[in-house]
2 protein chains.
Amino acid sequence: TGYFHTLRCEIETALDAASQFGTGCPERLREAVRYSLLAPGKRLRPVLTLAACGLFDADRSNAMPAACAVEMIHCYSLIHDDLPAMDNDDLRRGIPTCHKKFDEATAILAGDALLTGAFEMLDGRFCKELAAAAGACNLIGGQMDDIYSHKQKTGIGFLEHIHQRKTGALIRLALKLGGHIAGASDIHLDILDRYGQYFGLAFQITDDLLDVLGDESAAGKRLRKDAAAGKLTYPRLLGIDGAKKAAAQTIADAEKTLDGLDVRRQTQPLRLLYDLVHQLADRIY
Amino acid sequence: TGYFHTLRCEIETALDAASQFGTGCPERLREAVRYSLLAPGKRLRPVLTLAACGLFDADRSNAMPAACAVEMIHCYSLIHDDLPAMDNDDLRRGIPTCHKKFDEATAILAGDALLTGAFEMLDGRFCKELAAAAGACNLIGGQMDDIYSHKQKTGIGFLEHIHQRKTGALIRLALKLGGHIAGASDIHLDILDRYGQYFGLAFQITDDLLDVLGDESAAGKRLRKDAAAGKLTYPRLLGIDGAKKAAAQTIADAEKTLDGLDVRRQTQPLRLLYDLVHQLADRIY
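Computed from a predicted model, the values in this text were never measured in an experiment. (Residues numbered from 1 in each chain as written. Chains lettered and ligands numbered in written order. Predicted model: local features only at pLDDT ≥ 70, side-chain atom pairs only at ≥ 80, totals over all residues. Heavy atoms only, no water.)

This brings us to the interface of chain B and chain A. Facing the 44 residues of chain B at the interface are 44 residues of chain A. Carbon and sulfur atoms make up 73% of the area that chain B and chain A hide from each other, which totals about 3,600 Å². By the criterion of area lost to chain A, the three top residues of chain B are Leu109(B), Thr116(B) and Met144(B), representing 16% of everything that side buries. Here chain B and chain A share zero salt bridges between them. Put simply, the parts of the chain that give the side of chain B that touches chain A at least two residues each are helix H2 (27-37), helix H4 (64-82), helix H6 (104-121), helix H7 (127-134) and helix H8 (139-147) of chain B. With 12 residues, H6(B) is the single largest residue contributor to the side of chain B that touches chain A. Partitioning the side of chain B that touches chain A into residue classes produces 26 nonpolar, nine polar and nine charged. (Contact = heavy atoms within 4.5 Å. Buried area = accessible area lost by both parts, 1.4 Å probe. Salt bridge = Lys/Arg side-chain N within 4 Å of Asp/Glu carboxyl O. Helix = DSSP H or I, 4+ residues; strand = E, 2+ residues; numbered from the N terminus. Nonpolar A, V, L, I, M, F, W, Y, C, P; charged D, E, K, R; others polar.)

Laid out in structure tokens, this is it:
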């Protein structure tokens, strides 16, 4: 949609400015950070932040630092996850991963710089929440369990526990920060949070399906890696049809939570939240 | 001194509590974080924070979260710097480095968890300052330039530029946070900042000298690595005697700035600041 495109353009501009850094930053480090951060991406998380802010008729530019911080955290996590010692990926967003384009030391430091930069960007009031969502009990813990998931007790409960932390927590926070900055009520924040839970789950199931069914050139990254690595995934536990059904149900659940938002219907931000979760279904059919 | 010992014990207790994490943290990740964070260390940075706070008759427990945050940043930077792709060290604080004891993926994530955890620990008011001191223009940028320093233009100016960012910025912030939390005046904060500048420089020169002259078992880490890696160091640029003279001068400069503190003389915190910079000299003679 045009609104989605507008938000993405605003986000790209803000990320560009956020990654200039000052004179103390070595040129190679700046290049590596900007190479990864400004590579074409969906900007899903910052779009969610801005859309959530826009739902409540607030000036969405107030939420831009938070939107950038969330995207910087996401980007750092991709750079570190792609490292040889972790998922060992050589392609991301259609281009070589950071350590392939530069080198491992530079990629580690570029990830560190993005992680640290997110907290320089964000209003101090929200730093504890971002640190919690990105920390050992959420994003990092989820990634740790994901790496070792081939050795772990299998089961849908443990798989959900991984993704609630690895992708869910940051998606939920992205939405919540937007609502919070717009001054949303606790009831509205709770609806955003539940939407985020379903959204994150639907996102992960479709991502797992994409790894099995998708096209590498369209995805811009290597696929068929989960099975090779023996990773716990939804298709592995539920079968392809079962995973498709679970995705459809979760997408319906996400849509339903939005009905609870008594904001003016047909606003662009609200339509976008419906559209985004629908687009997940489009990826797998 | 007894006061130094007291502070260190308080810090160790607080670091132990700060690294328990919640139920979402995988056991192996928690173990790796605690292995590195709780290994015997001088606790120099958090001691500086508490001593700076204590200078102004404030309750130093108010500065403990900031002290822990600073030590967590320091510890993360050691874990990542020790990685094979960076300095490739296998010994730290007398025990195997994190990636040797666990594995590289775990060490990368343990570092990430400590970096993120520092911002969960710290009062939101100070997050921007910590992120700046630890970020691309300071700690990370200094490490980047240090790694590549064998390829860079040599010279004392560039060497100082590396260390002002790599070690200086966090040491200065450690002192400043302690003063700030105690409600110190701008004049006092400025004195702490200048002390921190000299302290950081003296620390680095003595560390470089230690790499040449020191005893590995006493240092608890591999030595003679700088020359092998072709790194830019003070002994390389100034010779051993020249570096010793520079250290002595910088230590004298650091002491002199403390004279500007019109706090009651002979307080334990003030004596500790004199002692700490003196102990640097003891390391090299």
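That was the structure; now back to the text.
One copy of the chain maps onto the second through a rotation around an axis plus a translation along that axis. In the superposition of chain B on chain A (RMSD 0.0 Å, axial shift 0.0 Å), the rotation amounts to 180°. Taken together, the rotation and translation relating the two chain copies correspond to the operation of a two-fold axis. If distances are taken from each C-alpha of chain B to the rotation axis, the shortest is found for Gly124(B), at 2.1 Å. (Least-squares fit on C-alpha atoms with pLDDT ≥ 70 in both.)

Next up on the list: helix H4 (residues 64-82) of chain A. With 19 residues, H4(A) extends 27 Å between its outermost C-alpha atoms, agreeing within 8% with the 27 Å of an ideal straight helix rising 1.5 Å per residue. For H4(A), the tally of buried residues reaches 18 of 19 residues, placing the bulk of the element in the interior. (Expected span 1.5 Å × (residues − 1). Buried < 20%, exposed > 50% of the residue type's maximum accessible area, 1.4 Å probe, protein only.)

Turning our attention to the packing of helix H6 (residues 104-121) of chain A against H7(B). Relative to each other, H6(A) and H7(B) sit at 150°, their axes nearing to 8 Å. Overall, the two elements H6(A) and H7(B) adopt an arrangement that is roughly antiparallel. By crossing handedness, the relation of H6(A) to H7(B) is classed as left-handed. Each of Thr116(A), Phe119(A), Glu120(A) and Met121(A) in H6(A) lies in contact with H7(B), whose residues at this interface are Cys127(B), Lys128(B), Ala131(B), Ala132(B) and Ala134(B). Of the residues assigned to the contact of H6(A) with H7(B), the class counts are six nonpolar, one polar and two charged. (Axes fitted to C-alpha atoms, helices over the stretch in contact; angles between N-to-C directions. Parallel < 35°, antiparallel > 145°, perpendicular 65-115°, else oblique. Left-handed = near helix turned anticlockwise from the far one by under 90°.)

Turning our eyes to something else, we now look at the nonpolar core. Ranked by internal contacts, the top residues of the largest apolar core, which has 176 residues, are Ile73(A), Tyr195(A), Phe199(A), Ile73(B), Tyr195(B) and Phe199(B). Excluding its chain neighbours within four sequence positions, the residues that come into contact with Ile73(A) are Leu115(A), Ala118(A), Phe119(A), Leu130(A), Ala134(A), Leu139(A) and Leu170(A). (Core = buried A, V, L, I, M, F, W, Y, C linked by side-chain atoms within 4.5 Å.)

With that settled, the discussion passes to the packing of aromatic side chains. Here the structure, examined in full by the defined rule, presents five aromatic pairs over all chains. Here the aromatic rings of Phe119(A) and Phe119(B) are separated by 4.3 Å at their centres, their planes lie at 0°, and the arrangement is stacked. With one member in each of two chains, Phe119(A) in helix H6 and Phe119(B) in helix H6 form a pair that bridges those chains. Judged by its relative accessible area of 0%, Phe119(A) is buried. Between the aromatic rings of Tyr195(A) and Phe199(A), the centroid separation amounts to 5.7 Å while the plane-to-plane angle is 45°, which identifies the pairing as tilted. (Phe/Tyr/Trp six-rings, centres within 6.5 Å; stacked < 30°, edge-to-face > 60°.)

Each pair of packed helices can be described by the angle between their axes along with the distance between the axes. Residue and element names in this part refer to chain B. Closest axis-to-axis distance for the H4/H6 pair is 8 Å, and the angle between their directions is 160°. Compared by their axis directions, H4 and H6 come out roughly antiparallel. In the packing of H4 onto H6, the handedness of the crossing is left-handed. Across the interface between the two elements, Pro65, Cys68, Ala69, Met72, Ile73, Cys75, Tyr76, Ile79 and His80 from H4 touch Ala107, Ile108, Ala110, Gly111, Asp112, Leu114, Leu115, Gly117, Ala118, Phe119 and Met121 from H6. Looking at side-chain class alone, the contact of H4 with H6 contains 16 nonpolar, three polar and one charged residues.

What follows concerns H6(B). Residues and elements named next belong to chain B. Compared with the 26 Å implied by 1.5 Å per residue over 18 residues, the 25 Å span of H6 between its first and last C-alpha is a close match. The buried fraction of H6 is high, at 15 of 18 residues. With a side-chain oxygen lying 3.1 Å from the backbone nitrogen of Ala105, the N-terminal cap of H6 falls on Asp103. (Polar contact = N/O pair within 3.5 Å; in protein donor to acceptor, adjacent residues only side chain to side chain.)

So far we have only geometry, and geometry alone does not tell us how the molecule works.
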